[in-house]
Every structure is written in C-alpha cells, then in structure tokens.
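# Structural description and commentary
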Amino acid sequence: MSAQKEPRYCPRCGSAYEPLQEYCLECGERLPANRGAVGLLADAWQRRIPWYPGDWIWPALLFLVVAVVATAISAATTSHSGTTIVATQPNVTVGPGTGSTPGTAPRSTLPSPKPTVTTGPLPKAPGAPSTKGVTTPAPTAGGLAAWPGVKTAYTDVLESIPYSSGRTIAEARARQAHAAHLPNAGILVSSAYPSLHPGYYIVFSGVYRTPSAAAAALAAARAKGFPDAYVARVTHP
C-alpha cells in the first residue's frame, strides 16, 4: 500500500487541493506550481496556520535574519577592538635648567651665531672690471662735468642727442640736470668711446665704479625730468 500524500492548501483561502490541481476550487486562486523549498515552507505554514500571506514572506524573513546576524557580528567586532592608538614622540629630557615641558623639544643650548661685521672697503665682485684711478670729473664752463681719464667706469645716461640735432640742445639738457642737483652732469661725444654707439652727444650724470652703484642713482635721475635714463659702461680706447 502506497503512503498517503499530505494535502496542500490554497495560499488565499486555505482550502486543500490535489498535487496536480492548478486552481483552487473554493476561491479560484491560481495554485503555486513551483514545489521547491518555498512550496514546502508554504505547505508547512498552512498546516499550522490557515492564513498564508504569500510566498513573498520567505525572502523577507531571510533578509531580516541576515540583517540581524550582520548587526550582531558588527557589534561583537566593535566591542573587542577597543585598542587605543597613542602617537609616539621622541624622548624629551625634562629637568632643572632645561626650560622644557613634557611633550616639547628642549631648547638648544648652543650659542646663537653673531653677525659678521666687515669694516673697511668692500671686496671687488668676481669678474668686475678694474676701476682703479676713478676720479671725480672736473667741472667745465657752465658747471658741466668733463669725463675723467679712466679706463672703465659706469654712468647714468640721461639722454642721447643725435649729432644732427646739435650740441646746443645737449648742453641745455646737461645744464638742466646740473640745476636739478644731479651729480656730475656733463656731455660725452659717443664716437670717442668704443663702448658707446657712435653719432650721439651723451648727456650723463655721475661716474661710478660698479653698475649697481650707477643703477642706485637712476631713481633720482628719472624723478628729476629724465624718465628714460639708463646705466651705460664707458671705456677709453
């Protein structure tokens, strides 16, 4: 004699139905065709509780169980990882006379270097041209300065007047510079000096040993009516 099969129940109304039955004879509900794990769980539910919410209940319960287990594992891990991380620092000696406090580096006990003060003439920069014998130019007629007979020096070129414009204009501009109290204002004939472009009367101010000294005087020259003044190197042939 074959074993009697357990009855199955409609998920809507709870009425029993045959294994091959597709629709419930009581309510017309389509009966579940998949008789896998979900079907077995549904039958077990219906044998104990007539009302069955539907197959969706099983994935929802599975998700709930997984969430509860994950929360429990996370809480257990957090409770066992209470190690405090302390930043390390170098050993600091604290004692009388050190002036240090815990957690700070001791002050250096080495004496501070004293600034070196150089007296006397400054050394000449490497590669600077020799300016030995530079003298203050002697004044000429009208108070204008004549260029001294030195091999190399620097000056502030106030203006370059072409020969075609005449020396009179150059002298007038040089006197204007002299009246503005610019130092050693005078005129150079550029053709007489190899370092200058020929063909001009050069209105100059000052005779300097270094280009930096000449550059330092440019601001005054530009502020007193010569905005295009520049530094030039003057050499004798």
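Residues numbered from 1 in each chain as written. Predicted model: local features only at pLDDT ≥ 70, side-chain atom pairs only at ≥ 80, totals over all residues. Heavy atoms only, no water.

## Some points on the overall build of the chain
Looking only at helices and strands, one finds five helices and six strands in the chain. From first element to last, N terminus to C terminus, the chain shows the α and β order β-β-α-α-β-α-β-β-α-α-β. For the chain, with 237 residues in total, the buried portion stands at 27%. Counted over contacts in the chain with a minimum sequence separation of 6, partners at least 24 positions apart contribute 53%. (Helix = DSSP H or I, 4+ residues; strand = E, 2+ residues; numbered from the N terminus. Buried < 20%, exposed > 50% of the residue type's maximum accessible area, 1.4 Å probe, protein only. Contact = heavy atoms within 4.5 Å.)

## Some words on the confidence of the model for the chain
Per-residue confidence for the chain gives a mean pLDDT of 76, with 64% of residues at or over 70. Ranking the helices and strands of the chain by mean pLDDT puts strand 5 (residues 200-208) first, with 95, and helix 1 (residues 37-48) last, with 69. Note on residues 97-101: pLDDT under 50 across the span, and nine contacts to partners over four residues away in sequence or across chains. Counting interchain partners and residues more than four positions distant, the pLDDT-below-50 stretch residues 117-135 has 16 contacts. (pLDDT = per-residue confidence, 0-100.)

## With respect to the pattern of salt bridges
Within this structure, the stated rule accounts for four salt bridges. When the shortest N-O distance is used, the salt bridge between R12 and E29 registers 2.9 Å. Here R12, found in the loop between strand 1 (8-9) and strand 2 (16-17), pairs with E29, found in the loop between strand 2 and helix 1; they are 17 residues apart in sequence, far enough to count as distant. The exposure class assigned to E29 is partly exposed, which follows from its relative accessible area of 22%. Between E171 and R175 there is a salt bridge, with the nearest N and O atoms lying 3.9 Å from each other. Separated by four residues within a single helix, E171 and R175 lie in helix 3 (residues 167-179), roughly one turn from each other. Taking the relative accessible area as the measure of exposure, R175 reaches 41% and is therefore partly exposed. Connected through salt bridges with shared partners, the residues R167, E171 and R175 form a single ionic network. (Salt bridge = Lys/Arg side-chain N within 4 Å of Asp/Glu carboxyl O.)

## Observations concerning unusual backbone geometry
Glycine aside, the phi torsion of most residues is negative, and most peptide linkages are trans. Look at H181: it is not a glycine, yet its phi comes out positive at around 65 degrees. Here H181 shows up in the loop between helix 3 and strand 4 (185-189). For N184, which is not glycine, the phi torsion reads 50 degrees and is therefore positive. Structurally, N184 is set in the loop between helix 3 and strand 4.

## Some details on the sheet that holds strand 3 (residues 152-162)
Within the open sheet, the four strands sit side by side as 4-5-3-6. Their pairing is antiparallel. The sheet is open, and its two edges are formed by strand 4 and strand 6 (230-235), each paired on a single side. For this sheet, the mean angle separating the axes of adjacent strands, direction not counted, is 50 degrees. As paired strands, strand 3 and strand 6 are joined by six bridges and run antiparallel to one another. From the neighbouring strand, V157 faces strand 6, where its bridge partner is Y230. Along the sheet, helix 3 contacts strand 3, strand 4 and strand 5; its crossing angle with strand 4, the most-contacted strand, is approximately 150 degrees. (Pairing = 2+ DSSP bridges. Axes fitted to C-alpha atoms, helices over the stretch in contact; angles between N-to-C directions.)

## As for a nonpolar patch on the surface
A surface patch of nonpolar side chains, amounting to about 260 Å² of accessible area, comprises L61, L64 and V68. Among the secondary structure elements, V68 is positioned in helix 2 (residues 57-79). (Patch = residues over 30% accessible without salt bridge, like charges linked within 9 Å, V, L, I, M, F, W, Y side chains within 5 Å. Areas by Shrake-Rupley, 256 points an atom, 1.4 Å probe, with all protein chains shown as cover.)

## A word on the side chain of T155
Assignment of secondary structure puts T155 in strand 3. Exposure remark for T155: the relative accessible area of 1% places this residue in the buried category. Polar contacts involving the side chain of T155 include one to the main-chain carbonyl oxygen of S205, which spans 3.3 Å. A distance of 2.6 Å separates a polar side-chain atom of T155 from the backbone oxygen of G206. (Polar contact = N/O pair within 3.5 Å; in protein donor to acceptor, adjacent residues only side chain to side chain.)

## Topic: the environment of A174
Looking at the element boundaries, A174 is found in helix 3. Distance from A174 to V203, taken between C-alpha atoms, is 5.8 Å for residues 29 residues apart in sequence.

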